[in-house]
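Architecture at a glance
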Amino acid sequence: MPVEIVMKRAGSTLLVRMAGELDHHAVSGLRDKIDSKITLDNLKNVIFNFGGVDFMDSSGLGMVLGRYKLVSAQGGKVLACSLRPRVQRVFDLSGLQAKIPVFLSEQEALKNV
Amino acid sequence: MDNHMKLEIPSKSQNEAFARVVVAAFAAQADPTIDEISDLKTAVSEAVTNAVIHGYENGFGTIIVTAVLKDRRLEVSVTDYGVGIADLEQAREPLYTSKPELDRSGMGFTIMENFMDEFSLASEPGKGTTVTMVKIFSQIKTGRDA
Ligand SMILES: Nc1ncnc2c1ncn2[C@@H]1O[C@H](COP(=O)(O)OP(=O)(O)OP(=O)(O)O)[C@@H](O)[C@H]1O
Ligand SMILES: [Mg+2]
């Protein structure tokens, strides 16, 4: 299944809810959508909700890291939530949590932006 | 149980998902656990993605994926005939990437090494790259053992 996303605004934060398989092919279509939303709506932070993601490889890490570079340059934050065990395994190995805090639910992530 | 397979695909990003699903389906005959299959799929995805992005630099080329199953040992290799790697040690370092501008994290080889039981890398600049990985599936637990 290719990746599907829903983007929502919550104040100055962009919520990106994702479902499907996050690989290089899927990510190449997502990046521009997310970045133009951030720029056009002048948003500060991004929360990636991985709730529906059942496969992720390093391309998913790269996508998150790339958005971190983009918004942290303007003082914004990137957060992640609702990681399934498979996604968590890739996250843990990367040490990405030093930059991208991970929360159990979207509400919790929203409280921490 | 001995069996083998060979898959030849063009370096299109759509084939990343195709290749990992094919290898997972081939491995299914050894009755691996869900976690073992997930590890295998992720590692194959990393290797094929590297062939597409780095080996052929998102251009056109052929990727060969082979798998050999002997009892509970699966050996998978992914080969491209692309640009090759000059410094193998540097390439394998966690977080090293030659393409940070493409949003790469430099974690591909680290994931392959951690998710598989054996990993080796052979490459020659201008000739291409082969990644060979082994996964050893845990013993099947039958009702009689319990
Ligand atoms: N098939 C290949 N052909 C040529 N160079 C390669 C190949 N595979 C990997 N490399 C080189 O090795 C480096 C490290 O690869 P690795 O997969 O670990 O990270 P990455 O692909 O750059 O980032 P990520 O996998 O996290 O998206 C690459 O940046 C590239 O320079
Ligand atoms: Mg890689």
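Right above here is the structure, for reference.
In this report, we go over the structure that sits alongside the text.

Cut-off values and rules
Residues numbered from 1 in each chain as written. Chains lettered and ligands numbered in written order. Predicted model: local features only at pLDDT ≥ 70, side-chain atom pairs only at ≥ 80, totals over all residues. Heavy atoms only, no water. Contact = heavy atoms within 4.5 Å. Buried area = accessible area lost by both parts, 1.4 Å probe. Salt bridge = Lys/Arg side-chain N within 4 Å of Asp/Glu carboxyl O. Polar contact = N/O pair within 3.5 Å; in protein donor to acceptor, adjacent residues only side chain to side chain. Helix = DSSP H or I, 4+ residues; strand = E, 2+ residues; numbered from the N terminus. Near = heavy atom within 4 Å. Areas by Shrake-Rupley, 256 points an atom, 1.4 Å probe, with all protein chains shown as cover. Buried < 20%, exposed > 50% of the residue type's maximum accessible area, 1.4 Å probe, protein only. Pairing = 2+ DSSP bridges. 1 Å grid on protein atoms, 1.4 Å probe; cavity = no way out; pocket = protein on both sides within 12 Å on 5 of 7 lines; lining within 4 Å. Points joined across faces, edges and corners; volume = space filled by probe spheres on them. Nonpolar A, V, L, I, M, F, W, Y, C, P; charged D, E, K, R; others polar. Axes fitted to C-alpha atoms, helices over the stretch in contact; angles between N-to-C directions. Left-handed = near helix turned anticlockwise from the far one by under 90°.

1. Regarding the interface of chain A and chain B
Taken together, the 22 residues of chain A in the interface contact 29 residues of chain B. With both sides pooled, the region where chain A packs onto chain B buries about 2000 Å², and carbon together with sulfur makes up 49% of that total. Counting the contacts that link chain A with chain B gives six salt bridges. Between B:Arg20 and A:Glu21 there is a salt bridge whose closest N-O contact spans 2.6 Å. Here chain A is connected to chain B by twelve residue pairs in polar contact (both at pLDDT 80 or more). Among the elements of the structure, helix H1 (24–40), strand S3 (45–56), helix H2 (58–72) and helix H3 (85–94) of chain A are those that each provide at least two residues to the side of chain A that touches chain B. For the side of chain A that touches chain B, the element with the most residues is H2(A), which contributes nine residues.

2. Section: the site of ligand 1
Neighbouring ligand 1 are 21 residues; B:His54, B:Thr97, B:Ser98, B:Arg104 and B:Ser105 lie closest to it. The environment of ligand 1 is shared, with nearby residues belonging to chains A and B. Between ligand 1 and the protein, one listed contact pairs an oxygen atom with a backbone N or O atom of B:Phe109 at 2.9 Å. With the chains in place, 96% of the 590 Å² that ligand 1 exposes on its own is no longer accessible.

3. A few points about unusual backbone geometry
Note on backbone geometry: most residues besides glycine have negative phi, and most peptide bonds are trans. Unusually for a residue other than glycine, A:Asn42 sits at a positive phi of about 55°. Among the structural elements, A:Asn42 can be located in the loop between H1 and S3. Classification of A:Asn42 by relative accessible area gives exposed; the value is 66%. Of note in this structure, B:Asp103 is not a glycine but carries a positive phi near 65°.

4. Quick look at the sheet that holds S3(A)
Residue and element names in this part refer to chain A. In space, the five strands of this open sheet follow the order S1-S2-S3-S4-S5, with mixed pairing throughout. The open sheet has two free edges, formed respectively by strand S1 (4–10) and strand S5 (102–103), since each of these has just one partner strand. When strand S2 (residues 13–22) meets S3, the two strands line up parallel, connected through nine bridges. Counted as the bridge partner of Leu14 is Val46 from S3.

5. Quick word on the layout of surface pockets
All names here are of chain B. One number sums up the size of the largest pocket: a volume of about 550 Å³. Lining the largest pocket we find 31 residues, and of these Asn50, His54, Ile85, Ser98 and Phe109 sit closest to its centre. Mapped onto the lining of the largest pocket, the elements with two or more residues apiece are helix H2 (34–55), strand S3 (73–80), helix H3 (88–92), helix H4 (108–115) and strand S5 (128–136). Ranked by residue count, the leading element in the lining of the largest pocket is H2, at six residues. Here the residues of the lining of the largest pocket sort into eleven nonpolar, 13 polar and seven charged.

6. Quick look at the packing of H3(A) against H4(B)
It is the contact of H3(A) with H4(B), at a shortest axis distance of 10 Å, that shows an interaxial angle of 115°. The way H3(A) lies across H4(B) gives a crossing that is right-handed. The residues of H4(B) that touch H3(A), namely those facing A:Arg86, A:Arg89, A:Val90 and A:Leu93, are B:Thr110, B:Ile111, B:Asn114 and B:Phe115. Each residue belonging to the contact of H3(A) with H4(B) can be placed in one class, and the counts come to four nonpolar, two polar and two charged.

Interpretation note: all reported values are geometric properties and have no functional meaning in isolation.
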